[in-house]
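Observations on chain architecture
Residues per chain are reported as follows:
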Amino acid sequence: MKRKQLKFLVGSLVIVLTLAYLGFSGYQESKAYYQTVTELYASKEKAYERRLKVAGDVVPGSIQREGKVINFVISQEDQQTKKVQTLAVQYVGTDAPPDTFVDRAQAVVEGKLGQDGVFVANKMQAKCASKYEKESAAGVKRNGAE
Amino acid sequence: MAQLGQFALALAFVVTAYSIVASLVGIRFKNDKLIDSGRNAAVGAFVCVTTTFVCLAYLFIVSDFSINYVAQHSNRDLPLYFKISAIWGGQEGSLLFWGWILTVYSALVVIQNWRKHSAMMPYVTAVLMSTSLFFTSMHLFVANPFNQIVTVQASGARVPFVPADGEGLNPLLQYILNAIHPPIMYLGLVGFAVPFAFAVAAMLSRQLGDTWIRTTRRWTMVAWFFLGTAILLGGKWAYVELGWGGFWGWDPVENASLMPWLIGTAFLHSVMVQEKKGMLKVWNMVLIIMTYIMCIFGTFLTRSGVVSSVHAFAQSSIGGYFAAYIVVALSGALYLLFDRLPYLKSENQMESLVSRESSFMFNNLILLAACFAVFWGTMFPVISEAVKGVKITVSAPFFNKVNVPIAILLMFLTGVGPLLAWRKASTNSLKRNFLWPAGIALAAGAGLFIRGVGRPVLKAPEEVGQSILQKVLGYSFTSSFYALGALVVSVFVAVTVIREFYKGAKARSSGTGENFLEAVVNLTLRNTRRYGGYVAHLGFVLLFIGWAGQAFTTDTSSEAAIGDTIAMRQYVLRVDKLGVEDTPNYSSQKASVSLFEDGRKVAVLYPERRVYKASNQPTTEVSIWSTLKEDVYVVFAGGTRDGKKAIIQVYYNPLVMWVWIGGIVLGLGTLIALLPNKKAVSRKRPRADQSEERKEAEAKV
């Protein structure tokens, strides 16, 4: 009995260890640090080495298409200091940018920061600026919508 | 109507709470009247929540924009069917829909088992109603869909406000696929509440035979069917609407629905071992608890904003309540399981590695591993932030590296498992069952390999990966290599399944004189569970083949003016027209593209890029030429600034059609397995078979 159960244990262990190994190498390959623009500048030298995912709002009017490459700027306001920091992005991905990628959209770009300070992204996600912000700007408050 | 809805909701809350108390007190004091009253209250809760839901639907149909939720998700010009689908177009309404389905299912369960399982049913009612109470309080106190819009005056007074028109439904939700996707998803997710409730009730009432499994077998399958269908519909929608050329991107919201499906699949298979051999009892409890928790967790994930996703709902306070509910439900169920362990002793032990039980066990193990990997990858930003203070995300390569080998192994077990004998398979039976399928699969694999599929790519030393294994091998496992593996096991499984039908039908037609096709049909109808399962497996094979095709996708994008051509494999695309179109709802840039295959014109495609005027949101209208062999997927990615050229992106996606065909066959197999077995008419059959059928019949009652 003991020996039979050992066989199951060994079989299961082999499967689990193989998967763990594959998981680890996949992790090494695709890990990216998710940072805000402020955090990116705060991490200084490290920022050039890591694969990064950076979130920010697309600055209105900054989107410029040059053939397949899209240049634009994302910005983010620091919540404490109220200072707005910007990051120039060059999107070189093979996929077309998502439909939601427009002025003021929240964009998440994935790639590396170049030595010239331009962020070269090969992946991008974008979300529409939330409707709620538009409305509070118009002076309409909603009950329970917060 | 809003007041009626609000009132019905409040009443639902009271009735639901009463149902729980009456059921539990009734059990405690063995008071049948109280138990019956609790049961009736569960039906009452269904009536109340249904009224609430109908009220909300009415508000949408008449476009009552004094209600915040209606104003935010609908507008006057929206077609009626989208007004109705807009009910679940946002947080509050979709939660209400969730809660409503739960009460529908609960009412069905108590009516179906009105006079049955008297020891267990009061507990089932109590568990289902506890879940319902959680949702009802969410509707009532946290995400109430009936809130009115008010403006705040300078004096601070709040005055009701009715906007002239609503803000409209998100254009991405204005597609029929996406309108029906959420309800089907909920039918699946909520459905697992039923087997969970029976499992907990079985533990509470110490009725730990397999009654709870037999009673909920069909419920589990129905929930599993809906969940799987919803996942595939979501993939189909992403494929035809989002314009990135794929159908699965390992986005958190996709993962959220995949996790319960993976464990649910393990549960669906694992219960068979308990039914036949009385084994894996604790394990099955763990599986159904985890499936249900994953259903709630998925709902939590998409609504709380804990992980960022393209699809996620707005961040809201609702996450905390869901997290609390998950903790309570999970710890409660696990404590109960721990306490009842002595009642869950296994009646048999695993004897051989090569046996039906062991194949089920490995199937469970790797499905769980897959779920764990998906969970880990999805939650990694949260985990790494908690542990190391930095958010680290992982993307497709991580998920693929783990899950692709898992899927291939799982597929292999799909072929092997059903044909292995219980306890221990003899070498002879292995030879008899697998020699042909393995031979044919390997021959097919060799054929594909000669044609260039799956060749390992030798890499330059600097390109070889960092890991030791990769250094030793000198090449990396390319996706093409995995695709070859996937295709080989697919052929293997397909041959085993077809052979089972063939052998069964041949034996039957020689015994009854039916022709072959009749024999296949009758064979299936006589043992729907077995043959329905085979059909489902075959569907899974087809889906798998379509998925393997992903390894060979290519794409190109180019700026093209009128008359320019783009080459893609054996296809050539020629831009014939570029134009703009203006409608009241949207304006669009459009191209008319002729598609030539080997020089012969096969289609005209119209990729388009629209900008919806109300929301100022652009959408991509993909144009697809779809065949059984491959899809040519054309996207209008934008225009150059001078307006003379269009950026046209072309994807070449082999075998994608088989994903959808496979999904349909998988669903069909599930439906067959749900049918009751047709009774034998006259033919004598061996004893063992009869007793099995009797068991089945008992299960149905």
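Rules used throughout
Residues numbered from 1 in each chain as written. Chains lettered and ligands numbered in written order. Predicted model: local features only at pLDDT ≥ 70, side-chain atom pairs only at ≥ 80, totals over all residues. Core = buried A, V, L, I, M, F, W, Y, C linked by C-beta atoms within 7 Å. Buried ≥ 20, exposed ≤ 12 C-beta atoms within 10 Å, placed from the backbone. Contact = placed C-beta atoms within 7 Å. Pairing = 2+ DSSP bridges. Helix = DSSP H or I, 4+ residues; strand = E, 2+ residues; numbered from the N terminus. Expected span 1.5 Å × (residues − 1). Domains from an automatic or database assignment. Nonpolar A, V, L, I, M, F, W, Y, C, P; charged D, E, K, R; others polar. Axes fitted to C-alpha atoms, helices over the stretch in contact; angles between N-to-C directions.

1. Describing the nonpolar core
Of all hydrophobic cores here, the largest spans 189 residues; its most connected members are Val-124, Ala-193, Ala-197, Ala-199, Ala-201, Ile-263 and Ile-289 of chain B. Those residues in contact with Ala-197 of chain B that sit more than four places away from it in its chain are Val-124, Val-127 and Leu-128 of chain B. Listed in part, the 22 residues of the second largest apolar core include Val-58, Ile-70, Val-109 and Leu-113 of chain A.

2. Some remarks on the pairing of strand E11 (residues 608-612) of chain B
In the case of a regular strand, side chains alternate between the two sheet surfaces. All names here are of chain B. Alignment of strand E9 (residues 586-597) against E11, held across five bridges, turns out to be antiparallel. Counted as the bridge partner of Gln-589 is Arg-609 from E11. As judged from the five bridges shared by E11 and strand E12 (residues 617-621), these two strands associate in the antiparallel manner. Counted as the bridge partner of Arg-609 is Thr-620 from E12.

3. Considering helix H8 (residues 193-204) of chain B
Residues and elements named next belong to chain B. Over its twelve residues, H8 extends 16 Å from the first C-alpha to the last, a length consistent with the 16 Å expected when each residue adds 1.5 Å. Burial of H8 is extensive: eleven of the twelve residues sit out of reach of the surface. Inspection of H8 places Ala-193, Val-194, Pro-195, Phe-196, Ala-197, Phe-198, Ala-199, Val-200, Ala-201, Ala-202 and Met-203 among the buried residues, and these make up the whole buried set. Those residues of H8 that are buried are in contact with helix H5 (91-112), helix H6 (121-142), helix H7 (176-191), helix H9 (211-242), helix H11 (281-304) and helix H12 (318-339). After H8 finishes, the residue Arg-206 shows a positive phi value of roughly 55 degrees.

4. Thoughts on the domain arrangement of chain B
All names here are of chain B. Taken domain by domain, chain B holds domain 1 (1-169), domain 2 (175-396), domain 3 (397-550 + 661-700) and domain 4 (551-658). Tallying the contact residues gives 31 residues for domain 2 and 25 residues for domain 3. Of all the secondary-structure elements, those providing two or more residues to the side of domain 2 that touches domain 3 are H9, helix H10 (252-277) and helix H13 (356-388). Top element by residues in the side of domain 2 that touches domain 3 is H13. It accounts for 13 residues. Of the residues belonging to the side of domain 2 that touches domain 3, the class tally is 15 nonpolar, eight polar and eight charged.

5. Brief notes about the sheet that holds strand E14 (residues 630-639) of chain B
Residue and element names in this part refer to chain B. With antiparallel pairing, four strands are arranged side by side in an open sheet as E6-E15-E14-E13. Strand pairing shows two members of the sheet lacking a second neighbour, strand E6 (554-560) and strand E13 (623-626), which therefore form its edges. Neighbour-to-neighbour, the strand axes of the sheet open up by a mean angle of 15 degrees, direction not taken into account. As judged from the seven bridges shared by E6 and strand E15 (residues 646-654), these two strands associate in the antiparallel manner. Looking at E15, one finds that Asp-555 is bridged to Tyr-651.

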